[in-house]
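# Analysis of the macromolecular model
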Amino acid sequence: MGAAISTQAQPSIENNGPNSKETNIAPRMTAEEMQLAQIQEMPKYIRPETFEEKLYRKFSQEPLVPIGCFVTAYFLGSGIKSFYNRDAVQSQKMMRLRVGAQFSTLLIFIGYAGINAINFDVMPGYHGKDGEKK
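Please read these numbers as outputs of a predicted model, since none were measured by experiment. (Residues numbered from 1 in each chain as written. Predicted model: local features only at pLDDT ≥ 70, side-chain atom pairs only at ≥ 80, totals over all residues. Heavy atoms only, no water.)

## Notes on helix 4 (residues 88–117)
Which entries qualify depends on this criterion: Under the scheme used here, helices are H or I runs from DSSP no shorter than 4 residues and strands are E runs no shorter than 2 residues, and both carry numbers assigned from the N terminus. Each helix should span, by expectation, one fewer than its residue count multiplied by 1.5 Å. Partly exposed describes any residue whose relative accessible area lies between the buried limit of under 20% and the exposed limit of over 50%, with all areas from a 1.4 Å probe on protein chains only and scaled to the type maximum. Here, two residues are considered to be in contact whenever any of their heavy atoms come within 4.5 Å of each other.
Helix length check: helix 4 (30 residues) gives 43 Å between terminal C-alpha atoms against 44 Å at 1.5 Å per residue, within 8%. Within the sequence span of helix 4, burial applies to Ser-91, Met-94, Ala-101, Thr-105 and Tyr-112. Looking at the buried side of helix 4, the elements it contacts are helix 2 (51–61) and helix 3 (64–84).

Next comes the structure, spelled out in structure tokens:
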């Protein structure tokens, strides 16, 4: 097979001066031991979030977005039903409300994204004259 390098400490000679020679024992690692040491330093595995967990987390963080989606779907369904029943006035009214609901849902979505992106801690280490953190 392959020749293995000894894992025992081997003396190395360092020159600290013109006439002094000291021997220090420096451990030598094989390539396999170095790879094992690198593997042990790797980050731990984090379990990925399931679809249900992510759905629950998003609904709890941003509750107005799914409500807006359901309102938009209601107005769409009601408008299609009015169109099917040949009630043009009601159908037109529901489609206008659908567009309004879509617009408000989009603004809510953009608002949540903006709030998450803004860093309100402008000066993290700033202390006022009172010594309190502002």
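## Points about the packing of aromatic side chains
Quick reminder of the rule: Whether two aromatic rings pair depends on their centres lying within 6.5 Å, for rings of Phe, Tyr and Trp, where Trp uses its six-membered ring; planes under 30 degrees apart make the pair stacked, over 60 edge-to-face, and the rest tilted.
Counted by the stated rule, this structure contains one aromatic pair. Pairing Tyr-74 with Phe-75 gives two aromatic rings, centres 5.6 Å apart and planes at 55°, and the pair type is tilted.

## A word on the side chain of Ser-82
Examined against the element boundaries, Ser-82 turns out to sit in helix 3. Of the residues examined, Ser-82 reaches a relative accessible area of 9% and is grouped as buried. Each residue touching Ser-82, except ones within four places of it in the same chain, is listed here: Asp-87, Gln-90 and Ser-91.

## Here we look at a nonpolar patch on the surface
In plain terms, the rule: Patch members must show over 30% relative accessible area and no salt bridge, and they are joined within 9 Å when carrying like charges or within 5 Å when they are nonpolar side chains of Val, Leu, Ile, Met, Phe, Trp or Tyr. Each accessible area is a Shrake-Rupley estimate made with a 1.4 Å probe; only the visible protein chains count as cover when residues are assessed. The salt bridge criterion pairs a side-chain nitrogen of Lys or Arg with a carboxyl oxygen of Asp or Glu, the two atoms within 4 Å.
On the surface, Phe-51, Leu-55 and Phe-59 cluster together into a nonpolar patch covering about 320 Å² of accessible area. Here Phe-51 lies in helix 2. Accessibility expressed as a relative area gives 61% for Phe-51, which makes it exposed.

## Describing helix 3
The end-to-end C-alpha distance of helix 3, which contains 21 residues, comes to 30 Å, matching closely the 30 Å that a straight helix rising 1.5 Å per residue would cover. Taken as a whole, helix 3 has its buried residues at Val-65, Pro-66, Gly-68, Thr-72, Phe-75, Ser-78, Gly-79 and Ser-82. The inward-facing, buried residues of helix 3 contact helix 2 and helix 4. A positive backbone phi angle near 60° is found at Arg-86, which sits one or two residues after helix 3.

## Quick notes on the confidence of the model for the protein chain
Detail in the predicted coordinates should be disregarded across regions flagged by low pLDDT. Stated formally: As a per-residue measure, pLDDT tells how confident the predictor is, with possible values from 0 to 100.
Taken as a whole, the protein chain shows an average pLDDT of 79; of its residues, 66% reach a score of 70 or greater. When mean pLDDT is compared element by element in the protein chain, helix 3 scores highest at 95, while strand 1 (residues 10–15) scores lowest at 50.

## Observations concerning the packing of helix 3 against helix 4
Rule in force here: Each axis is a line fitted through C-alpha atoms, and for a helix only the stretch in contact is used; angles between axes span 0 to 180 degrees, taken between their N-to-C directions. What sets the label is the angle itself: under 35 degrees gives roughly parallel, over 145 gives roughly antiparallel, 65 to 115 gives roughly perpendicular, and the rest give oblique. The hand of a helix crossing depends on one turn: near helix anticlockwise from the far one by less than a right angle means left-handed, and clockwise means right-handed. Gly is placed with the polar residues, together with every amino acid not listed as nonpolar (Ala, Val, Leu, Ile, Met, Phe, Trp, Tyr, Cys and Pro) or charged (Asp, Glu, Lys and Arg).
Relative to each other, helix 3 and helix 4 sit at 165°, their axes nearing to 8 Å. One element, helix 3, and the other, helix 4, form an angle in the roughly antiparallel class. As helix 3 packs across helix 4, the resulting crossing turns out to be left-handed. Residues belonging to the contact of helix 3 with helix 4 are distributed by class as follows: 15 nonpolar, nine polar and one charged.

## A closer look at unusual backbone geometry
Residues other than glycine seldom take positive phi values, yet Arg-86 does so here, at roughly 60°. Structurally, Arg-86 is set in the loop between helix 3 and helix 4.

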